[in-house]
Each structure stands twice: as C-alpha cells, then as structure tokens.
Amino acid sequence: MPRWLPRAMVLALALYACFQLGSWAFHQLIGLLINILISFFLALAVEPAVSRMSARGMRRGLATFLVFFAVIIATAGFIVLLGSMLAGQIVDMVEHFPKYLDSVISWINQSFHTDLSRVEVQDSLLHSDWLQKYVQNSASGVLDVSATVLGGLFRVLTIFLFSFYFAADGPRLRRTVCSMLPPARQAEVLRAWEIAVDKTGGYLYSRGLMALISGVAHYILLQILGVPYAPVLAVWVGLVSQFIPTIGTYLAGALPMLIAFTVDPWYAVWVLGFVVIYQQFENYMLQPKLTAKTVDIHPAVAFGSVIAGTALMGAVGALIAIPAVATLQAFLGAYVKRYDVTDDPRVHGRRERVGDSALVRIRRSLSRDQAAEPVAPTGGDGV
C-alpha cells in the first residue's frame, strides 16, 4: 500500500465529515439566516429616513427607534382595524344564521318536496359524530396553535431587533466590512451598499405612495356604494395590491367584493369593474412615473423575480425579490459594455415585405441604367 493512500483516505473522510457537519448546521440555522436577511432589507428600507434625521443632529439610535416605533404603530393599527372588521362580520353572521338556515331549508322543501325543520337540522348537527370529532381535534390543536403564535411573535421580535441594530449601527457595520477588504474592493462594496439602500428604500416608498393612492380611490368607491367598513377595506386593498406584485390587486379586491355582495350583488360587480379599470390605470399611467427613478425593471422581470423568490424562500422571497433584482441590475449595469444600435427597421419592430424590397431594387437598377445611357445632342434643325 502506498504511503499517501491512508493519509488521503483520512483526508477524504475528514472533508466528508466537515461537509455533513456544515450541511446539518446550515439546515438548522436556515430560519435564523432568513430572519437576518429580512432584517437587513428592512434596515436598508429605513436607512434614508434614519440618515435624514441623523443629518439634522439627532442621535442615530433615537432616529432608528422613532422610525421603527412609527412602523409598529401603523402595523398594529391596521391589524386592530382588520380584526374589528372580521369580528363584526362574524357577529353579524352568527346573529343572522337562523334566518339564513330558514331560507335554505324552505328552498330545499320547495325544490325537493321535503318536510325539514330547523330544529331537526340543528339537533342532527349537534349530535353528529363528525362534529364531536372536530371539537375534540380542535381542543387538542389549541396547544399547537398557541405554539405557532408564540413562535411567530418571537420571529417578529428577532427581525425587529436585528433590523434595529443594522440600521442604528449602519456606519460601524460598513466600516467593519471595509476594514477586511483592500481599498479597491472597499469602493465597490460601498457603491453596492448605496445602490441597495436607494433601490430598497425607493421601492418601499413608491409602493407606499401607490398604496395610499389606491386606498383613497377604493375608499371613495366603497363610500359611495355604502359598503360597511370602507376605511379598513381601503387600507386592505392598498397594502395587499402594492406589496403582492401583478396579482395583488385582484387578490385584494376579493374581500371588498365579498362584503359588497352582502349589501347588493350588483355592488360586487361595480367593485370588480373598478378594480380592473384601476389596475390598468396603475400599470400604464401611475406606476411608470413613480418607479422610473427608484425600481426601473421590466414588469416581466419583476413577475419572474417574484416567482423565483417565492420558490426559494416563500412569502419572504416574494417581498424582497424585486428590490434585490433591481439592486443587482443597477450594480451590474456599470460593468456591462454597451454599443450603439444600428439604424435598422427591424430594431424598431418593422420588417420590409419581400415584394416591396424587390420592387425597390428594380427601381434602383432602372434609375441607374437611365443615368448611364448617353444623351444625343440636338441641333438647330432638330437633327
């Protein structure tokens, strides 16, 4: 046996063991890494506001706290308003449930010539086996739901804590990263950081402005139609339609349509028509003007990036996909060499027909032949 073979086998086993250990550690820490990634993008989003407040003499930690406090207050207010709306709808459904049940039973009796009563239906439902099993399963799943809620709250707290540190200690973090790189690389890192701040903050601020415009427009429509909970529904439409790209408007419009249907079925049709018309106005008039200087990427690229981000990291990837792609596009744009485009009709989407081009060539050849023919001199007698 060669001398190097045992050493090579030990080295290969050690490398395999390190790979397995690293893979296990990565899978165990994937949740923490995703939380750190979300925190980093959230810190980039609030960086412009924190920098402006810090430039006016306010301490950076206090400025970061005020910004995050405003975000928390706005989020909590939206959740409370949405919860009150859902609670009100559930109470109304419970109060009117006997009327709905009576109408359904009367329709069944008239259509199928049966003799059902509400008391019999309620007794059969209360004493059914599947209802008892459902109640038992729900009681046993209370602990799982509680654990899920507590885990979600802990994750939100972790994200906000990391985001606060990233935003408050942003300059120190940049100095730490640059201290480990040569001067040429430091300039590239700082440039990439600045582009990421501009694109992420610009994306969120432009989306927030479009959410405000969308919410006001839908609030006016719902108020005119007399749909209940118009302010909450308007906030819902504005946020969901803007932070879920491409299809968010239609997903957000489903809840107002459902509430409007309970008032009048024709109101749901009016809401659907307004949602479709406003989506076209937003895509072709409003969004290009607001995002031209912040996130200038093609809609197809945005939609594909959202799909890719969802496939990789779920809802988190869908939220950070567009600013990440915009940052990468802006950073790589300085390293892509570009040339002047030739003046060809096909560049502008026009193609010459074969018959027309052949006719043009024939006319050119005839004109050249006529120009080449000698001209006979003419005398005074016409000879």
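In the block above lies the structure referred to throughout.
Read on for a plain summary of the structure.

Conventions adopted
Residues numbered from 1 in each chain as written. Predicted model: local features only at pLDDT ≥ 70, side-chain atom pairs only at ≥ 80, totals over all residues. Heavy atoms only, no water. 1 Å grid on protein atoms, 1.4 Å probe; cavity = no way out; pocket = protein on both sides within 12 Å on 5 of 7 lines; lining within 4 Å. Points joined across faces, edges and corners; volume = space filled by probe spheres on them. Helix = DSSP H or I, 4+ residues; strand = E, 2+ residues; numbered from the N terminus. Nonpolar A, V, L, I, M, F, W, Y, C, P; charged D, E, K, R; others polar. Axes fitted to C-alpha atoms, helices over the stretch in contact; angles between N-to-C directions. Left-handed = near helix turned anticlockwise from the far one by under 90°. Contact = heavy atoms within 4.5 Å.

1. Brief notes about empty space enclosed by the protein
Taken as a whole, this structure holds one cavity of 30 Å³ or more when the rule is applied. By volume, the largest cavity amounts to about 60 Å³. Lining the largest cavity are Phe-40, Ala-43, Leu-44, Glu-47, Phe-166, Gly-170, Leu-173, Arg-174 and Trp-193. No other element matches helix α2 (residues 30–55), which puts four residues into the lining of the largest cavity. In the lining of the largest cavity, the residues fall into six nonpolar, one polar and two charged.

2. Describing the packing of helix α8 (residues 183–225) against helix α9 (residues 230–243)
Packed helices, taken two at a time, are described by the angle between their axes plus the distance between the axes. Close contact between α8 and α9 brings their axes to 7 Å; oriented N to C, the two are set at 145°. Handedness of the α8/α9 crossing: right-handed. Of the residues in α9, those in contact with Tyr-203, Leu-204, Arg-207, Gly-208, Met-210, Ala-211, Ser-214, Gly-215, His-218, Tyr-219, Leu-222 and Gln-223 of α8 are Ala-230, Pro-231, Leu-233, Ala-234, Val-237, Gly-238, Leu-239, Ser-241, Gln-242 and Phe-243. Looking at the contact of α8 with α9 residue by residue, the class counts come to 13 nonpolar, eight polar and one charged.

3. Things to note about the environment of Ser-117
By secondary structure assignment, the location of Ser-117 is in the loop between α3 (60–112) and α4 (118–126). On a C-alpha basis, the gap between Ser-117 and Leu-101 in space is 9.6 Å, while along the polypeptide they are 16 residues apart.

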